[in-house]
Amino acid sequence: QVQLVESGGGLVQPGGSLRLSCAASGSIFSINPMGWYRQAPGKQRELVAAITTNSRTNYSDSVKGRFTISRDNGKNTVYLQMNSLKPEDTAVYFCYLAHLGSLYWGQGTTVTVSS
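Described below are features of the structure shown in this document.

**A look at the state of the cysteines**
Phase 1: On inspection of all chains with the given rule, the structure shows one disulfide.
Phase 2: Between Cys22 and Cys95 runs a disulfide, and the two sulfur atoms are separated by 2.0 Å. Here the S-S torsion is close to -75°, and the disulfide linking Cys22 with Cys95 is therefore left-handed. On the criterion of sequence distance, the pair formed by Cys22 in strand 3 (residues 18-26) and Cys95 in strand 9 (residues 91-99) is long-range, its members being 73 residues apart.

**Here we look at the environment of Gly65**
Phase 1: Counting through the fold element by element, Gly65 comes out in the loop between strand 6 (57-59) and strand 7 (67-72).
Phase 2: Gly65 sits in the exposed class, given a relative accessible area of 78%.
Phase 3: Expressed as a C-alpha distance, the spacing of Gly65 and Met82, which sit 17 residues apart in the sequence, is 9.7 Å.

**Some remarks on the sheet that holds strand 8 (residues 77-82)**
Phase 1: Spatial ordering of the open sheet is given by 1-3-8-7, a layout of four strands whose pairing is antiparallel. If you trace the sheet from one side to the other, it starts and ends with strand 1 (2-7) and strand 7, each paired once. Pairwise comparison of adjacent strand axes, ignoring direction, gives a mean angle of 15° for this sheet.

**Digging into the pairing of strand 8**
Phase 1: With five of six residues buried, strand 8 lies mostly within the body of the structure.
Phase 2: Pairing geometry for strand 3 and strand 8, over six bridges, is antiparallel. Bridge assignment links Leu20 to a residue of strand 8, and that residue is Leu80.
Phase 3: The antiparallel pairing of strand 7 with strand 8 creates a hairpin that spans four residues between the two strands, and Asn76 there sits at a positive phi of about 50°.

**Things to note about the packing of aromatic side chains**
Phase 1: Across all of its chains, the model carries three aromatic pairs by this definition.
Phase 2: Ring geometry for Tyr37 and Tyr96: centres 5.6 Å apart, planes at 70°, overall edge-to-face. Taken as a pair, Tyr37 in strand 4 (residues 34-39) and Tyr96 in strand 9 lie far apart in primary sequence, 59 residues in all.
Phase 3: Looking at Tyr37, the relative accessible area reads 24%, which means it is partly exposed.
Phase 4: Cluster of aromatic residues (ring-pair linked, three or more members): Tyr37, Tyr96 and Trp105.
Phase 5: A cation over a ring is seen here: Arg19 above Tyr79, with NZ or CZ 4.0 Å from the ring centre.

Calculation notes
- Residues numbered from 1 in each chain as written.
- Predicted model: local features only at pLDDT ≥ 70, side-chain atom pairs only at ≥ 80, totals over all residues.
- Heavy atoms only, no water.
- Disulfide = S-S within 2.5 Å.
- Helix = DSSP H or I, 4+ residues; strand = E, 2+ residues; numbered from the N terminus.
- Buried < 20%, exposed > 50% of the residue type's maximum accessible area, 1.4 Å probe, protein only.
- Pairing = 2+ DSSP bridges.
- Axes fitted to C-alpha atoms, helices over the stretch in contact; angles between N-to-C directions.
- Phe/Tyr/Trp six-rings, centres within 6.5 Å; stacked < 30°, edge-to-face > 60°.
- Lys NZ or Arg CZ within 6 Å of the ring centre and 35° of its normal.

Have a look at this one:
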């Protein structure tokens, strides 16, 4: 069983920054691909950023240049640094981890960008 706990969401003004964290625990004995999706009200869940086991990264076009994903393998934690936030970044952000053919999800953390 794998558990993911996210933190770092909140309310921020346009142009501001937030850093999300996702800590994985449980039956993990290897480094796994991880990443972040988000879901805005009335919209489908979309991939925001992903990071492989050797820290190669991939971003959606909408966040490229503003968001940075990173990981600390010793802590089984992935981070999402979000800069220059826009109102359209408002969403619930979900962390995921791929392990032995399954996807595990966190409970989600809400990011609201508003003045």
